[in-house]
Amino acid sequence: MQPLSRRNALLLGGLGVAGTAVGAAGLAWTLTSRTAPVTGAALTHPAELRSANGTLALELEAARGRMQLAGRPATALGYNGGSPGPTLRLRAGDVLRVRLLNRLAEPTNLHVHGLHVSPQGNGDNVFVTVAPGASFDYEYGLPADHPPGVYWYHPHHHGMVAEQIFGGLFGAIVVEDADPIPAAMDRVLMVSDTDLDAAGYVRSVSQTERMAGREGGLVLVNGQSNPLLSALPGQRERWRLVNACVARYLRLQLDGQSLQLLGMDSGRYPSPVPVEEVLMAPGNRADLLVTTAAGESVLRAAYYDRGSMPGMMGRGSAGRDTTDPSRGVPLATLQVAGEPAAGPAGLPPRPAPADLRQVPVAARRQFLLAAGMNRGPMGGGGAGMMAFTINGREFDAARTDTTVAAGSVEEWTVINTSPMDHPFHLHVWPMQLVSVNGESPGSPAWQDVVNVPANGRVTVRTAFKDFTGKSAYHCHILDHEDLGMMGVIAVR
Ligand code: C2O
Ligand code: CU
Ligand code: CU
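What counts, and where the lines are drawn
Residues numbered from 1 in each chain as written. Chains lettered and ligands numbered in written order. Predicted model: local features only at pLDDT ≥ 70, side-chain atom pairs only at ≥ 80, totals over all residues. Heavy atoms only, no water. Donors = N, O, S within 2.8 Å, 3.2 Å for Na, K, Ca; no water. Helix = DSSP H or I, 4+ residues; strand = E, 2+ residues; numbered from the N terminus. Buried < 20%, exposed > 50% of the residue type's maximum accessible area, 1.4 Å probe, protein only. Salt bridge = Lys/Arg side-chain N within 4 Å of Asp/Glu carboxyl O. Pairing = 2+ DSSP bridges. Axes fitted to C-alpha atoms, helices over the stretch in contact; angles between N-to-C directions. Core = buried A, V, L, I, M, F, W, Y, C linked by side-chain atoms within 4.5 Å. Contact = heavy atoms within 4.5 Å. Phe/Tyr/Trp six-rings, centres within 6.5 Å; stacked < 30°, edge-to-face > 60°. Lys NZ or Arg CZ within 6 Å of the ring centre and 35° of its normal.

**Concerning the coordination of the copper ion (ligand 3)**
- On the protein side, the copper ion (ligand 3) has His 422 (ND1), Cys 475 (SG) and His 480 (ND1) as donor atoms, found 2.0 to 2.1 Å from it.
- Counting the intervening residues between successive donors of the copper ion (ligand 3) yields the motif H-x52-C-x4-H. You can see His 422 sitting in strand β25 (residues 422-426) and its partner Cys 475 sitting in strand β30 (residues 469-475), a full 53 residues away along the chain.
- Among the residues examined, Cys 475 registers a relative accessible area of 2% and is labelled buried.

If you want it as structure tokens, here you go:
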């Protein structure tokens, strides 16, 4: 295998090269002290709901309401009154039943991002519409060999996904390890971004920001602004990170601590990979082990250039790019002090990940991601809007774009013809990276969101096993998805 370039190592999630040092908080924040985010509060976690005897049943009420965000009263969208919604803890083989109650003024629905479950009927069916005031009973059966890891749930009603997630609708799902990984702490860290006005309302965004992919200036972890995490030295912590931002990439660094990446999304590397930083595209999760060393470290999102369309201004709040290139955005502060704890126990052996690279493929396909000026009548965006297309077409729920034979292995090459990155996401069936801009990962890397660099290409392989039915693939810059960069897949 060839050594990876720094950029592709970043794109693949792992990195053995020291990141550039970045300074402290770089947020261009102009609110008064009355409305400025409260930083430094102890980290909190959403309520956790655990399955028992193979089942977890719950109600999720999606509603607009008053809640705490960044330590201040805000009016935002939440599940069961909060953002993030409750964390759902499951085991392989479980059945998850969710009654979704829509108390919003507009339609919504529910998607369990990354779970390998049926997309049919009342399963992970993104074609369901739950009208205002209505409810829907979802049921998800996890296979007995479902991979452990961190997943998440969020709305998936086409045209409103970005708005509802920016408003606060998301929550985490953990599928527990059959053989637990010894850790002093198991933290779920959901990173999101939004913007609140002086009255605490989520602001609306411009068409230009939607085309670029909106970024909020308020970057939150579990709904808090730069919360404090405390630990003893010499401990192993497990951080399950979720990038729930609509469009913001997170190039995460935690200087002074030693980091090992277990895998991205539902994937597990053959052994944990020591990393200096982790790049998470929107929708990605990172399963990270942190071995603590005394001192204070800031978890920060360093500047990442995801490109932009020619002539497009910044993409952050009110058109600014809120990330100061030299400093990054602080997400959380880890304070490590006290008597050193006993060293962490060894890691349990892990099964070797599947590797499809030598397997015969039934089909090879190309997917062209394009963002261009909207000229013809095809475009849904109207005059002055760009069209966001896959293979030249905008999303149409009534059309099947890709038909795959159940049980087959396919190789897909996703080609990005635009000067900005697009994170490509496939529902239900995870993808194994074959190459990113021609470079291959050494050991198997499985993800459900794969970043396709500006003017670049990514090749993946997928085994369409266990489930049949209709589902979707799309850009996980959710504004792009809403603008049409999504296709329908039918496996039969
Ligand atoms: Cu996270 Cu189709 O979505
Ligand atoms: Cu998904
Ligand atoms: Cu995109």
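Next comes the rest of the description.
**Considerations on the pattern of salt bridges**
- Enumeration according to the criterion identifies 29 salt bridges in this entry.
- Salt-bridge contacts for Arg 97 lead to Glu 139; the nearest nitrogen and oxygen are separated by 3.1 Å. Of this pair, Arg 97 sits in strand β5 (residues 95-102) while Glu 139 sits in strand β7 (residues 135-141), and the two are 42 residues apart along the sequence.
- The partly exposed category is assigned to Arg 97, whose relative accessible area is 36%.
- Arg 268 is the partner of Asp 287 in a salt bridge, and the nearest nitrogen-oxygen pair spans 2.6 Å. Taken together, the positions of Asp 287 in strand β18 (residues 285-291) and Arg 268 in the loop between β15 (258-264) and β16 (273-275) put the pair 19 residues apart, joining distant regions of the chain. The pair Asp 287 / Arg 268 is uniform in exposure class, with both members buried.
- In this structure, a network of salt bridges that share partners links the residues Glu 48, Arg 50, Arg 89, Glu 176, Asp 186 and Arg 240.

**A few points about the sheet that holds strand β10 (residues 185-194)**
- Spatial strand order, β11-β10-β13-β18-β15-β16: six strands in an open sheet with mixed pairing. Among the strands making up the open sheet, the edge pair consists of β11 (218-221) and β16. Each adjacent strand pair in this sheet contributes to an overall mean axis angle of 30 degrees, direction not counted.
- Alignment of β15 against β18, held across six bridges, turns out to be antiparallel. Paired with Leu 259 across the strands is Val 290, a residue of β18.

**Section: the pairing of β30**
- Of all the seven residues making up β30, six are buried; the element is thus mostly covered by neighbouring parts of the structure.
- Bridging between β25 and β30 involves three bridges; their strand directions are antiparallel. Its bridge partner lying in β30, Leu 426 is registered against Tyr 473.

**Let's talk about the nonpolar core**
- Membership of the largest hydrophobic core comes to 86 residues, with the highest contact counts inside it found for Trp 239, Leu 288, Leu 331, Trp 412 and Ile 489.
- A per-element tally of this core places strand β20 (residues 329-336) first, with five residues.
- In this view, Trp 239 contacts Arg 187, Leu 189, Leu 229, Leu 254, Ala 286, Asp 287, Leu 288, Val 290, Leu 299 and Leu 334; residues no more than four positions away in its chain are not counted.
- If you look at the next biggest cluster of nonpolar residues, it comprises 26 residues, including Leu 58, Leu 100, Leu 142 and Tyr 153.

**Looking at the packing of aromatic side chains**
- Inspection of every chain in the model, using the stated rule, returns twelve aromatic pairs.
- Ring plane angle 40 degrees and centroid distance 4.4 Å describe the contact between Phe 367 and Trp 412, whose orientation is recorded as tilted. With Phe 367 in strand β21 (residues 363-373) and Trp 412 in strand β24 (residues 409-416), this pair connects stretches of sequence that are 45 residues apart. Comparing Phe 367 with Trp 412 shows no difference in burial state: the two are buried.
- Ring centres of Trp 412 and Tyr 473 lie 5.6 Å apart, and the angle between their planes is 75 degrees; this geometry places the pair in the edge-to-face category. In this pair, Trp 412 is assigned in strand β24 and Tyr 473 in strand β30, connecting sequence segments 61 residues apart.
- You can call Tyr 473 buried: its relative accessible area is 2%.
- In textbook terms, an aromatic cluster arises when at least three aromatic residues are bridged by ring pairs, as seen for Phe 367, Trp 412, Phe 424, Trp 429, Phe 464 and Tyr 473.
- Seen from the ring of Phe 166, Arg 214 lies directly overhead, with NZ or CZ sitting 5.2 Å from the centre.

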